[in-house]
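# Structure assessment
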Amino acid sequence: MKRKVLILVTIAVLLAAPAAYAGDETRWVNVHVTENSSNTNVEVHLPLNLVLTVLRNVDVENFHGGHVDLELGDDMDINFPEIMAAVKDAPDGKFVTVTSDEADVNVHKQAGNLYVTVNQKEDEMAQVEVTMPMELMDALSFGEENTLDIAALLQSFDKLPDGDIVKVTSTEANVRVWIE
Amino acid sequence: MNSQRGMSTFGAVLLAGTAGLLTATLMMDWMVVDVHVLDVSETDDIHADVPLHIKVPFPLVIADIATGFIPDEVFEDARIPPEARVHKELVLETIRALLDTPDAELVKVRTEDANVDIYKDGDTLRIAVDADDAVVRCNVPIDGILEALEDWDWETVDPQMLFDILHAAENGDLVTVATEDGVRVAIKMW
């Protein structure tokens with residue numbers, strides 16, 4: 001009897017596995033905000049396609065069709081694609097370390113990810129962790145007039161493994177953005 | 001002696017008419033507005049005596065016909081601001097993307113005063129608000145809203161749009177509101 005049950009369970013699992021895999025094709029963007037003072041908890045769980053659709057159709061000041069205007073001014077001539085390529089090709093290691101009375105900032109690359117960490121030492125004592133996989137570097141697309149294609153950046157989330165993108169903890173609020 | 005007793009012509013017409021009327025009634029979309037006002041001054045029992053109970057069944061076909069008789073001039077002054085019209089594509093594309101979204105809980109908010117949950121369930125967006133002073137449940141037919149907004153001219157107020165959405169709503173509760181002072185309102189589709 002136990003053997004029959006075991007066989008049936010095995011068959012059911014084998015049959016369900018491809019269906020479960022097919023059902024997991026949707027990538028989800030999750031945002032979790034906890035405000036400590038008011039004990040407020042907000043969880044947003046949206047499919048990436050829905051977010052992209054909204055972004056591509058928003059047409060407001062400084063944001064058109066998924067492109068955000070970086071407003072750098074004419075006197076700033078930054079070659080973003082070259083910087084991104086240099087970061088991508090750079091070996092693992094610490095790139096930036098800033099220590100001050102206000103905050104410590106670290107930028108380092110490790111195992112195909114660029115990590116930016118900020119530890120604030122006053123006010124809200126915020127701790128910020130940004131994880132940027134190198135795949136996102138390829139998706140960073142800058143227009144000729146200092147615009148950044150946010151929609152293309154988000155589209156590349158589709159290829160990312162599940163994991164945290166941004167994590168902020170502070171005395172006032174905690175924010176976590178992750179993809180799954 | 002073997003004479004058969006047949007149905008009279010009048011009886012047949014009456015029966016056919018009644019059957020037709022009944023079928024038409026059953027085929028129609030009905031909206032039922034159900035209002036209870038409970039006396040909760042001394043009890044929290046939701047099944048306490050009901051001092052007021054109003055139930056108004058309303059066939060939507062009547063509303064469809066009635067809106068057709070409203071002269072266009074009535075809505076001439078009620079024009080949609082151009083700023084809203086600019087976002088037409090954003091709104092339509094967002095709703096289309098929402099329809100394609102798999103069923104899931106999309107938003108969950110917990111505060112000291114209220115809890116809000118928004119689920120997508122098939123073609124319906126289910127909104128649940130549990131506040132200190134009221135409990136609200138709302139089932140929004142996403143496909144009905146999309147259809148109504150696609151047909152809308154995005155220039156003038158169109159009451160027919162509301163009824164198009166109601167036609168698309170699933171049978172059952174569309175909106176229910178229960179307040180702490182004993183008012184229970186339910187708008188049901190049937």
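Residues numbered from 1 in each chain as written. Chains lettered and ligands numbered in written order. Predicted model: local features only at pLDDT ≥ 70, side-chain atom pairs only at ≥ 80, totals over all residues.

## Focus: the overall build of chain B
- The helix and strand tally for chain B stands at 6 helices and 8 strands.
- Starting at the N terminus, the α and β elements of chain B follow one another as α-β-β-α-α-α-β-β-β-β-α-α-β-β.
- Counting across all 190 residues of chain B, residues that qualify as buried make up 12%.
- The long-range fraction of contacts in chain B, counting pairs at least 24 apart against all pairs at least 6 apart in sequence, stands at 51%. (Helix = DSSP H or I, 4+ residues; strand = E, 2+ residues; numbered from the N terminus. Buried ≥ 20, exposed ≤ 12 C-beta atoms within 10 Å, placed from the backbone. Contact = placed C-beta atoms within 7 Å.)

## Digging into the overall build of chain A
- Secondary structure summary: chain A contains 5 helices and 12 strands in total.
- Scored against the burial criterion, the 180 residues of chain A give a buried share of 9%.
- In chain A, once contacts between residues fewer than 6 apart in sequence are set aside, the share between residues at least 24 apart is 45%.

## Regarding the interface of chain B and chain A
- Counting residues at the interface gives 19 residues for chain B, matched by 18 residues for chain A.
- Those elements giving two or more residues to the side of chain B that touches chain A turn out to be helix H4 (88-100) and strand E3 (104-110) of chain B.
- When its residues are assigned to classes, the side of chain B that touches chain A shows 9 nonpolar, 3 polar and 7 charged.
- Here strand E2 (residues 40-47) of chain A runs beside E3 of chain B; their pairing, made up of 4 bridges, is antiparallel. Considered in E3 of chain B, the bridge of Val42 of chain A is made with Val109 of chain B. (Nonpolar A, V, L, I, M, F, W, Y, C, P; charged D, E, K, R; others polar. Pairing = 2+ DSSP bridges.)

## Some remarks on the pairing of strand E2 (residues 52-59) of chain B
All names here are of chain B.
- With 0 of 8 residues buried, E2 lies mostly on the surface of the structure.
- Note that strand E1 (residues 30-37) and E2 share 8 bridges and pair antiparallel. For Val33, the partnering residue across the bridge sits in E2 and is Val56.

## What to know about helix H2 (residues 48-57) of chain A
- Three or more residues of H2 of chain A are buried, namely Leu50, Val51, Leu52, Thr53, Leu55 and Arg56 of chain A.
- Its buried side turned inward, H2 of chain A meets strand E1 (28-35), E2 and helix H5 (150-155) of chain A together with H4 of chain B.

## Topic: the nonpolar core
- Val51, Leu55 and Leu154 of chain A together with Ile165, Leu166 and Ala169 of chain B are the most contacted members of the largest nonpolar core, which has 24 residues in total.
- Discounting residues that sit within four places of it in the chain, Leu166 of chain B has contacts with Met31, Leu60 and Met189 of chain B. (Core = buried A, V, L, I, M, F, W, Y, C linked by C-beta atoms within 7 Å.)

## Examining the sheet that holds strand E3 (residues 59-60) of chain A
Residue and element names in this part refer to chain A.
- In space, the 4 strands of this open sheet follow the order E3-E4-E5-E10, with antiparallel pairing throughout. In this open sheet, the two strands that pair with only one neighbour each are E3 and strand E10 (147-149).
- Where strand E5 (residues 67-69) and E10 come together, 3 bridges link them in antiparallel fashion. Counted as the bridge partner of Asp69 is Thr147 from E10.

## Considering the pairing of strand E9 (residues 127-133) of chain A
Residues and elements named next belong to chain A.
- Pairing geometry for strand E8 (residues 113-120) and E9, over 7 bridges, is antiparallel. If you follow Asn113 over to E9, its bridge partner there is Pro133.
- Counted along the chain from E8 to the antiparallel partner E9, the turn is 6 residues long, and its residue Asp123 has a positive phi close to 55 degrees.

## Observations concerning the packing of H4 of chain B against helix H5 (residues 142-151) of chain B
Residue and element names in this part refer to chain B.
- For the pair H4 and H5, interaxial distance at closest approach is 10 Å and the crossing angle is 155 degrees. It follows that H4 is roughly antiparallel to H5 by the angle criterion. Where H4 crosses over H5, the two elements pack in a sense that is left-handed. Residues Val91, Leu92, Ile95, Arg96, Leu98 and Leu99 of H4 form the contact with H5, whose participating residues are Ile142, Asp143, Ile145, Leu146, Leu149 and Glu150.
- For the contact of H4 with H5, the per-class residue count stands at 9 nonpolar, no polar and 3 charged. (Axes fitted to C-alpha atoms, helices over the stretch in contact; angles between N-to-C directions. Parallel < 35°, antiparallel > 145°, perpendicular 65-115°, else oblique. Left-handed = near helix turned anticlockwise from the far one by under 90°.)

## Overview of the environment of Glu89 of chain B
- Note on placement: Glu89 of chain B falls in helix H4.
- Spatially, the C-alpha atoms of Glu89 of chain B and Leu149 of chain B are 10 Å apart, while their sequence positions differ by 60 residues.

## Some remarks on unusual backbone geometry
Residues and elements named next belong to chain A.
- With phi around 70 degrees, Asn62 is a residue other than glycine that occupies positive phi space.
- Structurally, the position occupied by Asn62 is in the loop between E3 and strand E4 (63-64).
- For Asn62, a count of 10 C-beta atoms within 10 Å corresponds to the exposed category.

## Re the packing of H2 of chain A against H4 of chain B
- Direction vectors running N to C along H2 of chain A and H4 of chain B enclose 170 degrees, while the axes themselves pass 9 Å from each other. Judged on the interaxial angle alone, H4 of chain B and H2 of chain A are roughly antiparallel. Of the residues in H4 of chain B, those touching H2 of chain A at Asn49, Leu50, Thr53, Val54 and Asn57 of chain A are Glu89, Leu90, Glu93, Thr94, Ala97, Leu98 and Asp100 of chain B.
- Within the contact of H2 of chain A with H4 of chain B, the residues separate by chemical class into 5 nonpolar, 4 polar and 3 charged.

## Some remarks on the confidence of the model for chain A
Residue and element names in this part refer to chain A.
- Looking at chain A, pLDDT values average 81 and 84% of them are 70 or higher.
- Within chain A, no element has a lower average pLDDT than helix H1 (residues 2-23), which sits at 42, and none a higher one than E2, at 95.
- For residues 5-23, every residue scores under 50 in pLDDT, and the model assigns this stretch 0 contacts once sequence neighbours within four places are set aside. (pLDDT = per-residue confidence, 0-100.)

## Quick word on the confidence of the model for chain B
Residue and element names in this part refer to chain B.
- Per-residue pLDDT for chain B has a mean of 84; in total, 89% of the residues score no lower than 70.
- Model confidence for chain B, summarised as mean pLDDT per element, is weakest for helix H1 (residues 9-27) at 79 and strongest for strand E4 (residues 114-121) at 96.
- If you check the scores for this complex, the pTM reads 0.75 and the ipTM reads 0.71.

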